[in-house]
Each structure stands twice: as structure tokens, then as C-alpha cells.
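Structural overview for review
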Amino acid sequence: MDIFISYRREGGYAMARLLYECFKNAGLSVFLDLEELRAGPFNDKLYEAIDSCENFVLVLPPDSLDRCVHQNDWLRLEIEHAIRQKKNVIPVMMEGFTFPEDLPPSIQVLPFFNGVQSSREYFDATIKKLISMLRGVKLDDSKINIQERHDDVRYYYDEDELEKHRLRNEDNLLAKYEKPIVDKLLKDKENAVCLDVNVLTTTGSFAKLSYPQISQVIALTYNEDIVKRGNAKKAEYTGGEKIDFFQVQFEAEDFEFQLENCLTKAGVEGIDIVYLSMAIMDFKKPFKVLQAIQNYLNDDAVMIVRDVDDGAVFAYPDKDGLFAKFQSFYIHNIYSGYRYTGRQVYSYIRKMEPREISLERYGVNTSNMSIRDKKTLFECWFSFIPNDFARMLRENPSSKIAKEVVDFCKEHYDELNEQFFSRDVLFSAGYVIYSVKF
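I will try to describe carefully the structure that is included in this document. Please read these numbers as outputs of a predicted model, since none were measured by experiment.

1. Topic: the packing of aromatic side chains
- Counted according to the given criterion, the structure contains 25 aromatic pairs.
- When the ring centre of Trp-74 is taken as origin, the NZ or CZ atom of Arg-8, which lies over that ring, is 5.6 Å away.
- The ring centre of Phe-287 lies 5.6 Å from the NZ or CZ of Lys-351, which sits over that ring.

2. Let's talk about the side chain of Ser-6
- Along the chain, the position of Ser-6 falls in strand E1 (residues 3-6).
- At 2.5 Å, the side chain of Ser-6 and the side chain of Glu-78 are in polar contact.
- Apart from the residues within four sequence positions on either side, Ser-6 is in contact with Phe-56, Val-57, Leu-58, Val-59, Leu-75 and Glu-78.

3. A closer look at the nonpolar core
- Judged by nonpolar contacts, the single largest core of 57 residues is most densely connected at Phe-326, Trp-381, Phe-382, Ile-385, Phe-427 and Tyr-431.
- The leading source of residues in this core is helix H14 (residues 400-420), at eight residues.
- In contact with Phe-326, not counting residues within four places along its chain, are Phe-382, Ile-385, Pro-386, Phe-408, Cys-409, Tyr-413 and Leu-416.
- Core analysis: the next-biggest nonpolar cluster, separate from the first, contains 38 residues, Leu-276, Ile-293, Tyr-348 and Ile-357 among them.

4. Describing the packing of helix H12 (residues 371-382) against helix H13 (residues 384-395)
- Two elements in contact, H12 and H13, have axes whose closest approach is 6 Å; the angle formed by their N-to-C orientations is 30°. Here H12 is positioned roughly parallel relative to H13, judged by the angle of their axes. In contact with Glu-379, Cys-380, Trp-381 and Phe-382 of H12, H13 contributes Phe-384, Ile-385 and Pro-386.
- For the contact of H12 with H13, the residue count by class is six nonpolar, no polar and one charged.

5. Details of helix H2 (residues 44-52)
- Of all the positions in H2, only Leu-46, Ala-49 and Ile-50 are classed as buried. The arc that holds every buried residue of H2, seen down its axis, measures 100°, which confines them to one face. Facing away from the buried side of H2 by more than 90 degrees, the exposed set consists of Asp-44, Lys-45 and Glu-48.

6. Digging into unusual backbone geometry
- Along the chain, Tyr-316 connects to Pro-317 via a cis peptide bond; the corresponding omega equals -10°.
- Relative to the assigned elements, Pro-317 resides in the loop between strand E11 (314-316) and helix H10 (322-327).
- With a phi close to 65°, Asp-320 is a non-glycine residue in the positive phi region.
- Residue placement: Asp-320 occurs in the loop between E11 and H10.
- Overall, the relative accessible area of 60% leaves Asp-320 in the exposed class.

7. Focus on the packing of helix H5 (residues 161-186) against H12
- Running from N to C, H5 and H12 cross one another at 130°; their axes reach a closest spacing of 9 Å. Regarding the angle of H5 to H12, the classification is oblique. Crossing of H5 over H12 shows left-handed handedness. Where H5 approaches H12, its residues His-165, Arg-166, Asn-169, Glu-170, Leu-173 and Lys-176 are matched on the opposing element by Asp-373, Thr-376, Leu-377, Glu-379 and Cys-380.
- Split by residue class, the contact of H5 with H12 holds three nonpolar, three polar and five charged.

8. Some points on helix H8 (residues 255-266)
- Here H8 contains twelve residues, and its C-alpha end-to-end distance of 17 Å stays within 8% of the 16 Å for a straight helix at 1.5 Å per residue.
- For H8, the complete set of buried residues consists of Phe-255, Gln-258, Leu-259, Cys-262, Leu-263 and Ala-266. Angular distribution of buried residues about the axis of H8 spans 135°; they occupy a single face of the element. Residues Thr-264 and Lys-265 are exposed on H8 and point more than 90 degrees away from its buried face.
- Contacts made by the buried residues of H8 are with strand E6 (192-197), strand E7 (214-221), strand E8 (243-247), strand E9 (271-277) and helix H9 (286-294).
- Among the residues trailing H8, Gly-267 stands out with phi positive, at a value near 75°.

9. A short note on the environment of Gly-342
- Within the secondary structure layout, Gly-342 lies in the loop between H10 and helix H11 (345-350).
- Considering only alpha carbons, one finds Gly-342 and Val-305, 37 residues apart in sequence, at a separation of 9.2 Å.
- Dropping the residues within four chain positions of it, Gly-342 is found in contact with Asp-307, Val-308, Asp-309, Val-432 and Tyr-434.

10. Comments concerning the pairing of strand E10 (residues 297-308)
- For E10, the buried fraction is high: nine of the twelve residues fall into the buried class.
- In terms of strand pairing, E9 meets E10 through six bridges, oriented parallel. Within E10, the residue paired with Leu-276 across the bridge is Val-305.
- Handedness of the crossover joining E9 and E10 through H9: right-handed.
- For E10 and strand E13 (residues 426-437), the ladder comprises seven bridges, and the chain directions are antiparallel. Each bridged residue has a counterpart across the sheet, and for Arg-306 the counterpart in E13 is Ile-433.

11. With respect to a negative patch on the surface
- Taken together, the side chains of Asp-320, Glu-411, Asp-414, Glu-415 and Glu-418 present a region of like negative charge at the surface.
- Of note, Asp-414 is situated in helix H14.
- According to the relative accessible area criterion, Asp-414 is exposed, its value standing at 62%.

12. Here's the deal with the sheet that holds strand E2 (residues 30-32)
- The sheet built from five strands is open, its strands ordered E2-E1-E3-E4-E5 with parallel pairing. Sheet topology places E2 and strand E5 (116-117) at the edges, where each strand pairs with a single neighbour.
- Of the strand pairs in this sheet, E1 and E2 are connected by three bridges, and their pairing is parallel. Paired with Ile-3 across the strands is Val-30, a residue of E2.
- Contacts from helix H3 (residues 74-84) reach E1, strand E3 (55-60) and strand E4 (88-93), with the element oriented near 145° to E3.

Each value, and the rule that gives it
Sequence order as written defines residue numbering, which begins from 1 separately in each chain. Side-chain atom pairs in this predicted model are given and counted only at pLDDT of 80 or more, local residue features only at pLDDT of at least 70, and totals for whole chains, interfaces and linings cover all residues. Each side-chain value is derived from all of the structure's non-hydrogen atoms; neither hydrogens nor water enter the calculation. Side-chain rings of Phe, Tyr and Trp (the six-membered ring for Trp) are treated as a pair once their centres are within 6.5 Å; stacked means planes under 30 degrees apart, edge-to-face means over 60, and tilted covers the remaining angles. Our definition puts a charge over a ring when NZ of Lys or CZ of Arg is within 6 Å of the ring centre and also within 35 degrees of the ring normal. Runs of H or I in DSSP of at least four residues are treated as helices and runs of E of at least two as strands, each being numbered from the N terminus. Any pair of nitrogen or oxygen atoms within 3.5 Å is treated as a polar contact; in protein, a donor-acceptor pairing is required on top of that, and neighbouring residues in sequence qualify only through side-chain atoms on both sides. Note on contacts: a residue pair is in contact if any heavy atoms of the two residues lie within 4.5 Å. By convention a nonpolar core is built from buried Ala, Val, Leu, Ile, Met, Phe, Trp, Tyr and Cys residues, the set being connected through side-chain atoms within 4.5 Å. Think of it in three bands: residues with accessible area under 20% of the maximum for their type are buried, residues over 50% are exposed, and the middle band is partly exposed, with areas taken using a 1.4 Å probe on protein chains only. Orientation is described by axes fitted as lines to C-alpha atoms, over the contacting stretch for helices, and by angles from 0 to 180 degrees between their N-to-C directions. When an angle is under 35 degrees it counts as roughly parallel; over 145 it counts as roughly antiparallel; between 65 and 115 it counts as roughly perpendicular; any other value is oblique. Just so you know the grouping, Ala, Val, Leu, Ile, Met, Phe, Trp, Tyr, Cys and Pro go in nonpolar, Asp, Glu, Lys and Arg go in charged, and all remaining residues, Gly too, go in polar. Here the arc refers to the directions that run from the helix axis out to each C-beta atom. Here a crossing is called left-handed whenever its near helix is offset anticlockwise from the far helix by less than a right angle, and right-handed whenever the offset is clockwise. The span expected for a helix works out to 1.5 Å for each residue beyond the first. Criterion used throughout: strands pair if DSSP finds at least two bridges between them. By definition, the crossover connecting two strands over a helix is right-handed if that path, from the first strand to the second, turns clockwise as seen with the strands pointing away from the viewer. Only residues whose relative accessible area exceeds 30% and that take part in no salt bridge are eligible for patches, with like-charged residues grouped when within 9 Å of each other and nonpolar side chains (Val, Leu, Ile, Met, Phe, Trp, Tyr) grouped when within 5 Å. Here the accessible surface of atoms and residues is derived via Shrake-Rupley with a 1.4 Å probe, and residues count as covered only by protein chains that are part of the display. Throughout this description, the term salt bridge denotes a Lys or Arg side-chain nitrogen within 4 Å of a carboxyl oxygen of Asp or Glu. Residues scored as positive are Lys and Arg, those scored as negative are Asp and Glu, and His as well as the terminal groups of each chain are ignored. Charge positions are represented by NZ for Lys, CZ for Arg, CG for Asp and CD for Glu.

Fair warning: the whole summary comes from geometry, so function is off the table for now.
Given below as C-alpha cells:
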């Protein structure tokens, strides 16, 4: 066995699973245990697995070593054993991670191992560097096959009617949670110019004109068809002259120049309120986009940010582990973005030096939710999985993971739906909402 991947599920599972897939694609043999199998006494089989691997790759999200102060913490036990057995220990430090000052003596050497600082922006380079540090492994770069998202982010295909319906419903559902936040942000404002970023449906952009304080909306999207539909629809819309749709490439080097052209064409010089809805999860260079937007903010501008964080997802009770199993499929979905950006929003926005940033919601749950809203939430949070993986299977009939997910959904989707609507089950979806004042 080439590699043992050690991780803590909170904040580390997605990265561990992604490393596992990259290593497997590169032809390496990898051991990745599931944390839920580690209940009770530490499993001696894990010691045997570490013994059989030449390399010990340790995934380190923020605060992951804090519990190592406890002697029986299983992550500490794994690290201690790897150090004792003189394994090639390689820490993979995720964004925001720092080594605590009070590491137990048995693992105080950990910060001195050569490690890798993981980067979403340069993830392929991160993997190649990591593989180059492995002991007893020799691979050419040509054998390393890493799937990357395209620069022109394709969150969904515009011809996908199911996905368009899901996105419209998602906007409508989350608008109920966002409205009081926006009302608070817009208090004492008038004739505000709104920048709507990464627009996926025209409906949500038009809805922003319902706020009396907003006089104009500039909607940015990568999708040409949304621009055509939006600009055609505004001719039929009362007050349609107050909204303009523009196609841009958010990842392009000249995005700031594109943004300036959009503002000029719309006849405005600055922005008063920014909507960032599911944008950061898709961007490879989120801060670069934010930095470009910041240059055009008026004094006292405000921002509302909606994103996702799978750390806020749970179902209790989870009969037969169906919810946990379903969630494990997200990391394999090549059409969706990075699903832990919700926790990274604070760091990205803080770099803009705002006057105030508040986490307004961390998770949207089904407690006291109407049946209609629960139905919408289930569709928003679950329906894209069978839809996306069916598309993956059509495009790549040999994809084992796509077939596995499609088969699972055929067998268990209705059962999952039934459990979701049980009065005994509490479900939390990982929607995260921030408010920002500059």
C-alpha cells in the first residue's frame, strides 16, 4: 500500500476524499478509512493499515489538532503511531490552519515535517507537489490525471429545465431568510444601485427591484442565454429600464475591465449593494473577483453573501445512514463547486477591510418549516444529485461512481424523501448567509 490518508471528518472529509480520488487516478494504492467506523476502542486494524503504508498523508483543516490534547483522541493515536513507525509523514495544511502551541510531547515534531499548503486556485500544482514528496513512489506528471473545473464556470446547462426549476425555487425559498437581512442593510438608503453577481436565473434579479430602496440592478452572468432572456424580459416588465444583464467571464484576467464596461453601459459610476449568491463556491480566484468589485463600491456600500457549507448539513436521526451516504456523493459531482466555501467567506470578505461582517445564518433547518417549504428544500438540496449523475453517466457510460450514484438513487431516493418528511427527523441544509457593511 502506498498511502494512508488520515483526517478528521469535521472540515477534512471533502479534502481527504478528493486526495483519495487524485491518488487513485494516478495509479497509487490508498487507504482511506471512514470515521464513522471508528466508534469505540481504537481499531488495531488501523495500526496495521498504517504499518502497511510507506506514506502517511495528514489532512489538516483549521482547529483539527485541538482535540489531540486528549490521550485517546483517535487522530492523535494515528499520528503517534505513524511517527513511531518512522513513516513519511506529510501534513496537508488547508486554508486557515495553524499549528497549536500546546501539542502533546508525542507529536510536537509534527510541524517540522515537510508539508504542503493546499490551494484551491492551484490545486493541480498542490497534488503534483504532494506526489513528488511521497516515498517509494515514482510517477511521471503525464500519469497524474486531475479533473479541473473549466475557467468559464458551468454550474448548470441552460437547457436543463429541471435545474432551472430547482434554482428558481431555491431563490424563492432563501429569499424568505434574506429579506429581513436586506431590509436591515438598506435601511436609510435610497436610489441604491445593486450589483447581482453570478446570476443563474433571471427571476432572482428582477425580484431585487421589489425593494423600494433599489433603483437599478446590474446582473452579471457567464451565460449568454440568461442575458438574452433577461434583456428580452425587461421590455415587458414595468420598470424594466432599471435592470441590465451582462455576460462576463469572472475568471478572466481582465474581469475588472469587463466590470467597468458593464457599469459604463448601465450609466452608473458606483455600487451601493452587492448580491453574491452561490458565487464564491464556483470561483477559482474568489478574492480577485471581490477585489475588482471593491474598486467600484460607493461609500457605505453593503453586501449580502449566500453560499454553502456542508459542515452545516446534518439529519437526525439518520435511519440506515441514507442521508450521510447521499451527502458523500457531493464530492464526486463534477458540475457543482467547492462545497465548503461557506466557512471561507469570512476570511475572503475580511481582506476587503469592511466596517462590519456578520454571519446571519449557518444552516437552514426544517424545524417549524411549512410542508410546502420542506418540499422545496428537499428538491433544492437533493434533486440535483440524481439529475447531475444521470448526466455524468450519459456523457461517460464507463463512470463507476456515476453508475453507483444513479443505482443508489433508483433504490433509495423515495425512501430518503419519506424519512425527510418524518416528523421525527430534523434536517439542516448547508446554506450560509452573511451581511457586510463597508
